[in-house]
Amino acid sequence: GDPRDVAGGSPDAVTEPAGCGEDAFGRGGAEHRVPPASILTSPRVSPGGGRLLSERDLLRVAQLLGHEWQEVGVLCLGLRRCRLEQIRENNPHRTALCGFEMLREWRQRAGAAATAAHLRDCLSPAQLDPEVFALLEQL
């Protein structure tokens, strides 16, 4: 038989080697799969039709978030405070870069839903500068 059947793996699924699938919180395992190459090379458009946010887009939003980036991360984006502290420690005195790294983490977690419309929906409960929402409307 196929050796993949003996190991319990599906012939269509590719998993990362042991220890490589952990996220920022030390979680890992079989649920972390490497996407097929066709996904990695496809255009940056979500299945819903919206354009996925680029790093440039994320930086522009982060610059507008300013010092409120950590509150946004916890309250609106569902990121863990300990992860946001790591980002802050890695980028001391660089507020925009901290916000950018936080938004990159959100984008990675959101996957195909990482569009301006989705981010706008996530941020809507926050009392943010109206420029943030205006920018997201333009993107």
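Treat the numbers as computed from the prediction; the structure is a model and nothing was measured.

## Examining the nonpolar core
As a rule of thumb, nonpolar side chains are buried together in soluble globular proteins.
For step 1, the next point in the chain: Counting 29 residues, the largest nonpolar core has L77, M102, L103, L119 and L123 as the members making the most contacts within it.
For step 2, the next point in the chain: For this core, the elements supplying multiple residues, two or more each, are helix 3 (55-65), helix 4 (69-75), helix 5 (81-90), helix 6 (95-110), helix 7 (116-123) and helix 8 (130-138).
For step 3, the next point in the chain: Here this core gets five residues from one element, more than from any other, and that element is helix 6.

## Some thoughts on the state of the cysteines
For step 1, the next point in the chain: Counted by the stated rule, this structure contains zero disulfides.
For step 2, the next point in the chain: Free of any disulfide, C76 has its nearest cysteine sulfur in C122, 7.9 Å distant.
For step 3, the next point in the chain: C76 sits in the buried class, given a relative accessible area of 14%.

## Description of the environment of R107
For step 1, the next point in the chain: Here R107 shows up in helix 6.
For step 2, the next point in the chain: Here R107 falls in the buried class, since its relative accessible area comes to 16%.
For step 3, the next point in the chain: Along the sequence, R107 and L53 sit 54 residues apart, while their C-alpha atoms lie 7.7 Å from each other.
For step 4, the next point in the chain: Filtering out sequence-adjacent residues up to four positions away, R107 remains in contact with L53, S54, E55, L58 and A114.

## Points about unusual backbone geometry
For step 1, the next point in the chain: Its identity as a non-glycine residue notwithstanding, H93 has a phi of 65 degrees, on the positive side.
For step 2, the next point in the chain: Considering the arrangement of structural elements, one finds H93 in the loop between helix 5 and helix 6.
For step 3, the next point in the chain: Among the residues examined, H93 registers a relative accessible area of 83% and is labelled exposed.

Rules and cut-offs
Residues numbered from 1 in each chain as written. Predicted model: local features only at pLDDT ≥ 70, side-chain atom pairs only at ≥ 80, totals over all residues. Heavy atoms only, no water. Core = buried A, V, L, I, M, F, W, Y, C linked by side-chain atoms within 4.5 Å. Buried < 20%, exposed > 50% of the residue type's maximum accessible area, 1.4 Å probe, protein only. Helix = DSSP H or I, 4+ residues; strand = E, 2+ residues; numbered from the N terminus. Disulfide = S-S within 2.5 Å. Contact = heavy atoms within 4.5 Å.

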